[in-house]
Amino acid sequence: MSPAANAATLTARRSTRFVVWVRAWRAGLVPFDELADEIAGDEEHLVADAPGTWRDVPLAQALPIFAKLHPDEIRLVLPAPGDPRGLSGPGPLTGAAMLAGEAVMTPEFGVVPEVRTHTSGSGMTFETVLWRVIPTQDYRPGFQMGAAEAEQELSLALSEATSRLTRLDVAQWRPELAGALQALRRPESTATLPPGFDPRARRVFARASVLDQVLTLAEHSAPGGAVNTYEAQQRDDALRPLVAACRQALVAACNSPLA
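Residues numbered from 1 in each chain as written. Predicted model: local features only at pLDDT ≥ 70, side-chain atom pairs only at ≥ 80, totals over all residues. Heavy atoms only, no water.

A. Fine view of the packing of aromatic side chains. Applying the stated criterion to the full structure yields four aromatic pairs. Between the aromatic rings of Phe 18 and Phe 66, the centroid separation amounts to 5.5 Å while the plane-to-plane angle is 55°, which identifies the pairing as tilted. One end of the pair, Phe 18, is in helix H2 (residues 14-26); the other, Phe 66, is in the loop between helix H4 (59-62) and strand S3 (75-77), with 48 residues separating them in the sequence. Assessed through its relative accessible area of 1%, Phe 66 is described here as buried. With centroids separated by 4.5 Å and ring planes inclined at 55°, the aromatic side chains of Phe 18 and Trp 131 adopt a geometry described as tilted. Taken together, the residues Phe 18 in helix H2 and Trp 131 in strand S6 (residues 125-135) connect sequence positions 113 residues apart. Neither residue differs from the other here; Phe 18 and Trp 131 are each classed as buried. Aromatic rings pair up to connect Phe 18, Phe 66, Phe 109 and Trp 131 into one cluster. (Phe/Tyr/Trp six-rings, centres within 6.5 Å; stacked < 30°, edge-to-face > 60°. Helix = DSSP H or I, 4+ residues; strand = E, 2+ residues; numbered from the N terminus. Buried < 20%, exposed > 50% of the residue type's maximum accessible area, 1.4 Å probe, protein only.)

B. The nonpolar core, seen in detail. The biggest cluster of nonpolar side chains holds 55 residues, and the ones touching the most others in it are Phe 18, Leu 59, Leu 63, Phe 66 and Leu 242. At the level of secondary structure, the elements contributing two or more residues to this core comprise H2, helix H3 (32-40), H4, strand S5 (109-119), S6, helix H6 (147-167), helix H9 (199-220) and helix H10 (229-254). With 11 residues, the single largest contributor to this core is H10. Filtering out sequence-adjacent residues up to four positions away, Phe 66 remains in contact with Phe 18, Val 22, Trp 25, Arg 26, Ile 74, Val 104, Thr 106, Phe 109 and Val 111. Among the nonpolar cores identified, the runner-up in size contains nine residues, and Met 105, Val 112, Ile 134 and Tyr 139 belong to it. (Core = buried A, V, L, I, M, F, W, Y, C linked by side-chain atoms within 4.5 Å. Contact = heavy atoms within 4.5 Å.)

C. The pairing of S5, seen in detail. Two elements, strand S4 (residues 103-105) and S5, share two bridges in a ladder whose sense is antiparallel. Looking across to S5, one finds that Met 105 is bridged to Gly 110. Judged from the 11 bridges that link them, S5 and S6 form a sheet pairing that is antiparallel. Across the sheet, the residue bridging to Val 115 is Val 129, located in S6. From the end of S5 to the start of S6, which pair antiparallel, there are five residues, and Gly 123 there has a positive phi angle of about 95°. (Pairing = 2+ DSSP bridges.)

D. Seen up close, the side chain of Glu 102. The topology assignment puts Glu 102 in the loop between helix H5 (92-100) and S4. Buried and without a salt bridge, Glu 102 has Arg 13 as its closest oppositely charged side chain, separated by 5.4 Å. A distance of 3.2 Å separates the side chain of Glu 102 from the backbone nitrogen of Arg 14, its partner in a polar contact. Within the structure, the side chain of Glu 102 is placed 2.7 Å from the backbone nitrogen of Ser 15, a separation counted as a polar contact. Apart from the residues within four sequence positions on either side, Glu 102 is in contact with Arg 13, Arg 14, Ser 15, Val 77, Leu 78, Pro 79, Ala 97, Val 112 and Pro 113. (Lys, Arg positive; Asp, Glu negative; His and termini not counted. Salt bridge = Lys/Arg side-chain N within 4 Å of Asp/Glu carboxyl O. Polar contact = N/O pair within 3.5 Å; in protein donor to acceptor, adjacent residues only side chain to side chain.)

E. A look at H2. Compared with the 18 Å implied by 1.5 Å per residue over 13 residues, the 19 Å span of H2 between its first and last C-alpha is a close match. Along H2, 11 of the 13 residues are buried, which leaves the element largely enclosed by surrounding structure. Listed as buried for H2 are Arg 14, Ser 15, Thr 16, Phe 18, Val 19, Val 20, Trp 21, Val 22, Arg 23, Ala 24 and Trp 25. Two residues or fewer past H2, Gly 28 is found with a positive phi of approximately 80°. (Expected span 1.5 Å × (residues − 1).)

See the structure below:
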């Protein structure tokens, strides 16, 4: 399986699925009974600090906290160091969201995922996703790029990153990364959105989802022995604008107006 195809099988940023399915529910496009399963997939998801609860509760039990919100009040944010766009001012919510690199924001509260790894008595490891509800402080959604502009920015960033990596001869010491980025110029992704999102949002989400996971693999995989520190730095510099454009595209797609 190619790196691009393999990346498509990995868990995407969990807040993306959370936002799009809850927004579709609040728009009356999907039934409540489907939400928890669509968000969690085959993972175990719990919620901590939900209003009216005193312990961690199953995801389905906590989702009604969104029941009074308009779809446009439920927003995806994907902050990064130096780029806290979409968050409120300093405080527990901003700190947790920056640490996680993602969050679901509303005018009243934010929800941030935390992945916990457990080991059973037999030595098997498994994960639990804990969504922590944190009150907002003076939250005001900022400017957000539309899906059309985000798609253009992503295409340009991908083209420039591929050109720079070609000049760096990244194919010699990271052939899986170079090959994946080339394949993603015209990706065949199965990433989907629920009903209500227009074709452009679906296209942007599909492309950015797979690309985001390829870039995550590149970030966490150690470079081969043929690369030195300088070359690794050059690779990171080439990818940085693409990483930012990818996050921007995911936010634009997930927060786009529903039909």
